[in-house]
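# Examining the three-dimensional arrangement
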Amino acid sequence: MQLTNRSKVVSNKEQSFMERLYLPAIAKGMLITASHLFKKTPTTKYPEQTRPMAPVYRGEHVLKRDENGAERCTACGLCAVACPAEAITMESAERKKGEEHLYREEKYARTYEINMLRCIFCGLCEEACPKEAIFLTDRIVDAEYERENFVYGKDKLVEKMTARIDVSKRQTLEVAEFKKIPGLKHNELYDGKSLGKGKKH
Ligand code: SF4
Ligand code: SF4
């Protein structure tokens, strides 16, 4: 079965004198090379210049805080299970009394690490998270000289209070609409029958 029309029939015919000289072919090649001198260069001089990024570009992750600044992640491990590259590891801990302002849920991630060398930026962790805690962003992972520096911990992943990251463009229209329903916030179980009652997950 023919899959494409790009196949070529190989010819065994003898080369002509001009073809054996190779000069026309060399001249043609030089002309192609020279023509590129007058074309606009597509090179982007990063980091001085940056290319425009799609709002849903899948780059460096962020662990989000809620509107009060508490960490959203509850260390459920669903992102790690969903990760095809086994790039995510974490340790959970129980929230103590008085730490409600730090952690949104009763369980939180004491440590949370993503190995950026393993990550293939597929976004499955983001899709698996039931708490809207992890998102990929349009930031590019920095170059490093040492491999261990690519293992990002909470110090790099958790959103800074002074530099919140807007991920609203990454959320689907359905999720955005869902959040507008009073009493049915994104981390409450959606149940058509109890619409508006805010049944807790
Ligand atoms: S983006 Fe994909 S590969 Fe990277 S940590 Fe998330 S699930 Fe794993
Ligand atoms: S980021 Fe989301 S899916 Fe991953 S452990 Fe935290 S709450 Fe669970």
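A few points on the structure. (Residues numbered from 1 in each chain as written. Chains lettered and ligands numbered in written order. Predicted model: local features only at pLDDT ≥ 70, side-chain atom pairs only at ≥ 80, totals over all residues.)

## Here's the deal with the overall build of the protein chain
- A tally of regular secondary structure across the protein chain gives six helices and five strands.
- The N-to-C order of helical and strand elements in the protein chain reads α-α-β-α-β-β-α-β-β-α-α.
- The buried share of the protein chain, reckoned over its 201 residues, is 15%.
- Across the protein chain, contacts joining residues at least 24 apart in sequence account for 66% of those joining residues at least 6 apart. (Helix = DSSP H or I, 4+ residues; strand = E, 2+ residues; numbered from the N terminus. Buried ≥ 20, exposed ≤ 12 C-beta atoms within 10 Å, placed from the backbone. Contact = placed C-beta atoms within 7 Å.)

## As for the site of ligand 2
- Contacts to ligand 2 come from 13 residues, most closely from Cys-73, Cys-76, Cys-79, Cys-129 and Ile-134.
- A breakdown of the residues in the shell around ligand 2 according to their chemical character gives ten nonpolar, two polar and one charged. (Near = placed C-beta within 6 Å. Nonpolar A, V, L, I, M, F, W, Y, C, P; charged D, E, K, R; others polar.)

## Quick look at the sheet that holds strand S5 (residues 151–152)
- A sheet is described by the order of its strands in space; here three strands give the open sequence S2-S3-S5, paired in antiparallel fashion. Two strands in the sheet have a free side with no partner beyond their single neighbour: strand S2 (88–94) and S5.
- Here strand S3 (residues 107–115) pairs with S5 via two bridges, running antiparallel. Considered in S5, the bridge of Ile-114 is made with Tyr-152. (Pairing = 2+ DSSP bridges.)

## Description of the pairing of S3
- In this structure, S2 lies alongside S3, joined through seven bridges in antiparallel fashion. Opposite Met-90, over in S3, you have Tyr-112 as the bridge partner.

## Considerations on the site of ligand 1
- Neighbouring ligand 1 are 14 residues, the closest being Cys-83, Ala-85, Cys-119, Cys-122 and Cys-125.
- Residues that form the shell around ligand 1 fall into these classes: 13 nonpolar, one polar and no charged.

## Concerning the environment of Asp-138
- Tracing the sequence through the fold places Asp-138 in the loop between strand S4 (134–136) and S5.
- Given 18 C-beta atoms within a 10 Å radius, Asp-138 is considered partly exposed.
- Leave out the neighbours within four places in its chain, and Asp-138 touches Met-53, Pro-55, Tyr-57 and Gly-59.

## Description of the nonpolar core
- Among the nonpolar cores identified, the biggest contains 21 residues, and Leu-63, Cys-73, Cys-79, Ile-88, Cys-125 and Ile-134 are the most heavily contacted of them.
- Only strand S1 (61–63), S3 and S4 provide two or more residues apiece to this core. (Core = buried A, V, L, I, M, F, W, Y, C linked by C-beta atoms within 7 Å.)

## With respect to helix H2 (residues 23–37)
- Given a rise of 1.5 Å per residue, 15 residues ought to cover 21 Å, and the 21 Å separating the end C-alpha atoms of H2 matches this to within 8%.
- Burial of H2 is sparse: only zero of the 15 residues sit out of reach of the surface. (Expected span 1.5 Å × (residues − 1).)

## Concerning unusual backbone geometry
- Pro-47 follows Tyr-46 through a cis peptide bond whose omega is 10°.
- Within the secondary structure, Pro-47 sits in the loop between H2 and S1.
- Residue Glu-86 is not a glycine yet carries a positive backbone phi of 50°.
- For Glu-132, which is not a glycine, the phi torsion comes out positive at approximately 50°.
- Looking at the element boundaries, Glu-132 is found in the loop between helix H4 (124–128) and S4.

The quantities given are spatial measurements derived from coordinates; they are silent on function.
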